[in-house]
Amino acid sequence: MQKEKQLASQGVSPKDGAALGPAREWNSLDFAQAKREVKRLQMRIAKAVEEGRYGRVKALQYLLTHSFYAKILAVKRVTTNKGKKTPGVDGVVWTSSKQKMEAVRDMDQRGYRALPLRRIYIPKKNSHKKRPLSIPTMKDRGMQELYRLALVPIAETLADPHSSGFREGRRCADAMQRIFLVLAQKTSACWIYDADVEGCFDNISSDWLMANIPIDKRMLRQWLKAGYMENGKPFPTHDGTPQGGIISPVLANMTLDGLDAVIRNAVPRAPANRKKRVHLIRYADDFVVVAPSKETIEEYIVPAVTAFLHERGLNVSKAKTRIVHVREGFDFLSQTVRKYGDNLIIRPSKAAVKTLLANVKAIIKAHQSKPTHVLIYRLNLTIRGWANYHRHVVSSEVFSYIDWRTNNMLWQWARRRHQNRPPGWLNRRYWRVLGDYAFAAIWKDDKKTRRVAQLFRASSLPIKRHIVVKSAANPYGAEWQDYFQQRLAGKTVRV
């Protein structure tokens, strides 16, 4: 009763939340309705943030985190994402409908205590070193997702305008297109501060998070101080947010938000156009700053960035950070940006091409004795995904090269598979199946239905310039709903 009066004082009715009605079977739940109700509350939170009514924000957050609809969405996410079969230290996973429904009913904040994380190590990209990954239990993941739903509208409303990583409606292509827009003109600034935050997730100051993240502090403290288990031994956590935690990307983004304003304020206003020519483009903890001169970066931007990060317990990685001229070029998000004369060219990086070809080679080797259509299916997933990522930049020649190298590796695969067959037979068996020269296979499924599989050609994918998302667009703002729906539908929405 006291809580209801408190909510009413903030202009929030308990009826705004979904009623905790009788438990129904998991498969009969209306998830579409749940999404609509949770989105409605999230939009109200975003509006309250814009108005500066933080008492109302807190009341709406309480309402959302106690909503039945939000709880079923939280359980649905942790049981459908890639880690759904990965248990925490308790060895529990939610697989059956009964377990999921019980998890919803058990998602109560009273008496909740987070368990230690399960620590494993995964190899870093392009390195022999390994990255620590801390895995929460299913219940802890569900609770984190529940509170993430209440936190993300605040994060989106207060986010830096040109931050693209781990944000709804934004992706890597937005960051790369923004780089193109600020560097492509003849009069564009030409010096780049290419930076990377060292161990961002592992080193964020817990004290800073507790003081600045607008979330239930008791819950946040549980996740930050849960500790971890490694080889059966418990270890404490003093700083950082676990990389395996669902809420961690939002916390990391909110930690780095404000960097754009700090950089712009650090650069003197004279000459008049200098301030306008300083740009920050950030994707998660990787960012570049475009400036008119090397001296501007060294004298103003580097000290400002260092002080900003130091306050949050972070540092710039010396090994991955450099100051470079755009004509020398730099790599960002697996693409190379470089200016040739007055022309800015962005293309897939050599490291990205090398990694893809290594993956293709490994897939072909692992499928030496498997049915051809299984090999094609696995290759298509890898090549199509890679090509779709790079289709917005200058990639035509690279795509043709990928097709040529893949075809050569498949020819060697066929030769090893049929060592006594002549080349003509191999051509007819694998490349002339459909009449056209393409690696393909025909087989029958369990129902004796004839199926056809053909290798995806990266060069068949047309290059299409990406339209960058508007910097002020908020997926939880009422005035931006049509904008994001049009982008989701594939319609051109220009800045």
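Source: prediction; values computed, not measured.

J.: Which residues make up the environment of A114, and what values do they have?
T.: Here A114 is to be found in the loop between α5 (97–105) and β1 (117–123). Spatially, the C-alpha atom of A114 lies 24 Å from that of I154, the residues being 40 residues apart in sequence. Setting aside residues no more than four positions away along its own chain, A114 makes contact with D140, Q222, W223 and A226.

J.: Describe in detail empty space enclosed by the protein, supporting the description with residues and values.
T.: Unfilled space is identified by rolling a water-sized probe across the atoms. All chains considered together, the criterion is met by seven cavities of 30 Å³ or more. Estimated volume of the largest cavity: approximately 90 Å³. Taken together, C172, A173, M176, Q177, L333, Q335, Y389, H392, V393, R465 and H466 form the lining of the largest cavity. Take the lining of the largest cavity: its biggest share by element is four residues, from helix α7 (residues 172–183). Considered class by class, the residues forming the lining of the largest cavity number six nonpolar, four polar and one charged.

J.: An account of helix α4 (residues 68–78) is requested, with residue identities and associated values reported.
T.: For α4, the tally of buried residues reaches nine of eleven residues, placing the bulk of the element in the interior. Among the residues of α4, those classed as buried are F68, Y69, A70, K71, I72, L73, A74, V75 and V78. Lining the buried residues of α4 we find α2 (31–50), α3 (54–65), α5 and α6 (138–158). Measuring from the backbone nitrogen of Y69 back to the side-chain oxygen at the start of α4 gives 3.2 Å, which picks out S67 as the cap.

J.: Outline the sheet that holds strand β9 (residues 330–332), supporting the account with residue identities and numerical values.
T.: An order of β9-β10-β11 is seen for the three strands of this open sheet, with the pairing classed as antiparallel. On the outer flanks of this sheet lie β9 and β11 (343–348), each paired with one strand and no other. Neighbour-to-neighbour, the strand axes of this sheet turn through a mean angle of 30°, independent of strand direction. Pairing between strand β10 (residues 335–340) and β11: six bridges, direction antiparallel. Within β11, the residue paired with V337 across the bridge is I346.

J.: Requested: an account of the pattern of salt bridges, with residues and values cited.
T.: For the structure shown, the criterion picks out 13 salt bridges. When the shortest N-O distance is used, the salt bridge between E311 and R312 registers 3.4 Å. For R312, a relative accessible area of 8% translates into the label buried. Where R322 meets E328, a salt bridge forms, and the shortest distance between an N and an O atom there is 3.6 Å. R322 gets classed as partly exposed once you look at its relative accessible area, which sits at 35%. What emerges from the salt-bridge pattern is a single network uniting R77, E145 and R148.

J.: Mind laying out helix α15 (residues 372–390), listing which residues take part and the relevant values?
T.: When the terminal C-alpha atoms of α15 are compared, their 27 Å separation across 19 residues agrees well with the 27 Å that a helix rising 1.5 Å per residue should span. All buried positions along α15 are accounted for by T372, L375, I376, L379, N380, T382, I383, W386, A387 and H390.

J.: If you had to explain unusual backbone geometry to someone new, which residues and values would you point to?
T.: For A284, which is not glycine, the phi torsion reads 55° and is therefore positive. Positionally, A284 belongs in the loop between β6 (279–283) and β7 (286–291). Non-glycine residue L333 carries a positive phi angle of around 55°. The residue L333 is located in the loop between β9 and β10 in this model.

J.: Give me the packing of aromatic side chains: which residues, what numbers.
T.: Summed over all chains, the structure comprises 15 aromatic pairs. Between W26 and F31, the ring centres sit 5.1 Å apart and the planes meet at 65°, which makes this aromatic pair edge-to-face. When its relative accessible area of 6% is taken as the criterion, W26 is described as buried. Between the aromatic rings of W413 and Y430, the centroid separation amounts to 5.3 Å while the plane-to-plane angle is 70°, which identifies the pairing as edge-to-face. Placement of the pair is W413 in helix α16 (residues 396–417) and Y430 in helix α17 (residues 423–431), with a sequence separation of 17 residues. Here W413 matches Y430 in class, with each residue buried. Each member of the aromatic cluster is reached from another via a ring pair, and the members are W411, W413, Y430, W431, Y437 and F439. Over the ring of F31 we find K76, and its NZ or CZ is 5.5 Å from the ring centre. Looking at R421, its charged tip hangs above the ring of W425, at a distance of 4.4 Å from the centre.

Analysis parameters
- Residues numbered from 1 in each chain as written.
- Predicted model: local features only at pLDDT ≥ 70, side-chain atom pairs only at ≥ 80, totals over all residues.
- Heavy atoms only, no water.
- Helix = DSSP H or I, 4+ residues; strand = E, 2+ residues; numbered from the N terminus.
- Contact = heavy atoms within 4.5 Å.
- 1 Å grid on protein atoms, 1.4 Å probe; cavity = no way out; pocket = protein on both sides within 12 Å on 5 of 7 lines; lining within 4 Å.
- Points joined across faces, edges and corners; volume = space filled by probe spheres on them.
- Nonpolar A, V, L, I, M, F, W, Y, C, P; charged D, E, K, R; others polar.
- Buried < 20%, exposed > 50% of the residue type's maximum accessible area, 1.4 Å probe, protein only.
- Polar contact = N/O pair within 3.5 Å; in protein donor to acceptor, adjacent residues only side chain to side chain.
- Pairing = 2+ DSSP bridges.
- Axes fitted to C-alpha atoms, helices over the stretch in contact; angles between N-to-C directions.
- Salt bridge = Lys/Arg side-chain N within 4 Å of Asp/Glu carboxyl O.
- Expected span 1.5 Å × (residues − 1).
- Phe/Tyr/Trp six-rings, centres within 6.5 Å; stacked < 30°, edge-to-face > 60°.
- Lys NZ or Arg CZ within 6 Å of the ring centre and 35° of its normal.

These figures capture arrangement, not role.
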